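Listed below, chain by chain, are the residues.
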Amino acid sequence: MSYVPRLKGEYKERISSALQSEFSYKNVMEIPKLQKIVLSRGVGGAVADKKLIDYALEEFTTITGQKAVATLSKKDVASFKLRKGMPIGVKVTLRGDRMYEFLDRFVTVALPRVRDFQGIKANGFDGRGNYNLGITEQIIFPEINIDKVNKISGMDITFVTSAGTDKEAKSLLTELGLPFKKN
């Protein structure tokens, strides 16, 4: 038998049936699922120093286990000395098994390393079932060697789900293990 990530197997066995009974879906295809996780970081200082993009690409590749891509500027902005096509950010889109592996490591290893952690805020939903989360320090990931960190910077993480409403998406992400703050 081939390898199945822990959260993916748990979703198939337990989470999907729990969501189906909670929201009383008639069809199995209505049950919300996690479609992709996108990690991104804007590197504004890359206009002056090109090596910052290389450091960010290397960090994202190390964190996710998948090659990161540099994002390019779409237009010229004279006040920022920015030209169209210059690299100004980094992103990685995770799907499938890598997505579940990253989510498992994020929830079980990285989030407990956040200082004074009391849960993540529940106001990051966009109204269509997607959740956005900002991380202030990349050193919460154990793959990052703190001695080799050039500059402490954050990142944005977007969880894209097939849920139609924020309530369904929050229930799915809670079942997957994201620790939301209690009101």
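Everything quoted here is computed from the prediction, not taken from an experiment. (Residues numbered from 1 in each chain as written. Predicted model: local features only at pLDDT ≥ 70, side-chain atom pairs only at ≥ 80, totals over all residues. Heavy atoms only, no water.)

### Observations concerning the pattern of salt bridges
At step 1: Scanning the model with the defined rule gives eight salt bridges in all.
At step 2: A salt bridge links E175 to R14; the nearest nitrogen and oxygen atoms lie 2.8 Å apart. Within this pair, whereas E175 is found in helix α4 (residues 166–176), its partner R14 is found in helix α1 (residues 6–23), the two being separated by 161 residues in sequence.
At step 3: Note on E175: relative accessible area 25%, which makes it partly exposed.
At step 4: Residue R14 is classed as partly exposed on the basis of its relative accessible area of 38%.
At step 5: Sharing partners across several salt bridges, the network here consists of R6, E10, R14, D104 and E175. (Salt bridge = Lys/Arg side-chain N within 4 Å of Asp/Glu carboxyl O. Helix = DSSP H or I, 4+ residues; strand = E, 2+ residues; numbered from the N terminus. Buried < 20%, exposed > 50% of the residue type's maximum accessible area, 1.4 Å probe, protein only.)

### Describing the UniProt feature "domain: Large ribosomal subunit protein uL5 C-terminal" (unreviewed entry) in the protein
At step 1: On the UniProt side, "domain: Large ribosomal subunit protein uL5 C-terminal" (unreviewed entry) is annotated at positions that read residues 87–180 here.
At step 2: The annotated region residues 87–180 carries 28% helix and 21% strand content, and the separation between its end C-alpha atoms amounts to 34 Å. (UniProt positions renumbered as here; feature names shortened; annotations may be inferred.)

### Remarks on the side chain of T161
At step 1: Inspection of the secondary structure puts T161 in strand β5 (residues 155–161).
At step 2: Here T161 falls in the buried class, since its relative accessible area comes to 5%.
At step 3: For T161, the side chain forms a polar contact with the main-chain oxygen of G129, separated by 2.3 Å.
At step 4: Excluding residues within four positions of it along the chain, T161 makes contact with K33, L34, Q35, G129, N130, A169 and L172. (Polar contact = N/O pair within 3.5 Å; in protein donor to acceptor, adjacent residues only side chain to side chain. Contact = heavy atoms within 4.5 Å.)

### Some details on the environment of E58
At step 1: Within the fold, E58 resides in helix α2 (residues 51–64).
At step 2: For the pair E58 and V90, spaced 32 residues apart in sequence, the C-alpha separation works out to 9.9 Å.

### Topic: the sheet that holds strand β2 (residues 69–72)
At step 1: Pairing within the open sheet is antiparallel, and its five strands lie in the order β2-β3-β1-β5-β4. The outermost strands of the open sheet, each flanked by one partner alone, are β2 and β4 (131–135). Ignoring which end each strand starts from, the neighbouring axes of this sheet average 25° apart.
At step 2: Bridge count between β4 and β5: five bridges; the pairing is antiparallel. (Pairing = 2+ DSSP bridges. Axes fitted to C-alpha atoms, helices over the stretch in contact; angles between N-to-C directions.)

### Notes on the packing of α1 against α4
At step 1: Closest axis-to-axis distance for the α1/α4 pair is 10 Å, and the angle between their directions is 140°. On the basis of the axis angle, α1 is oblique to α4. As α1 runs across α4, the sense of the crossing is right-handed. Packed against α1, whose contacting residues are L7, E10, Y11, R14, I15, L19, E22 and F23, the element α4 presents K167, E168, S171, L172, E175 and L176 at the interface. (Parallel < 35°, antiparallel > 145°, perpendicular 65-115°, else oblique. Left-handed = near helix turned anticlockwise from the far one by under 90°.)

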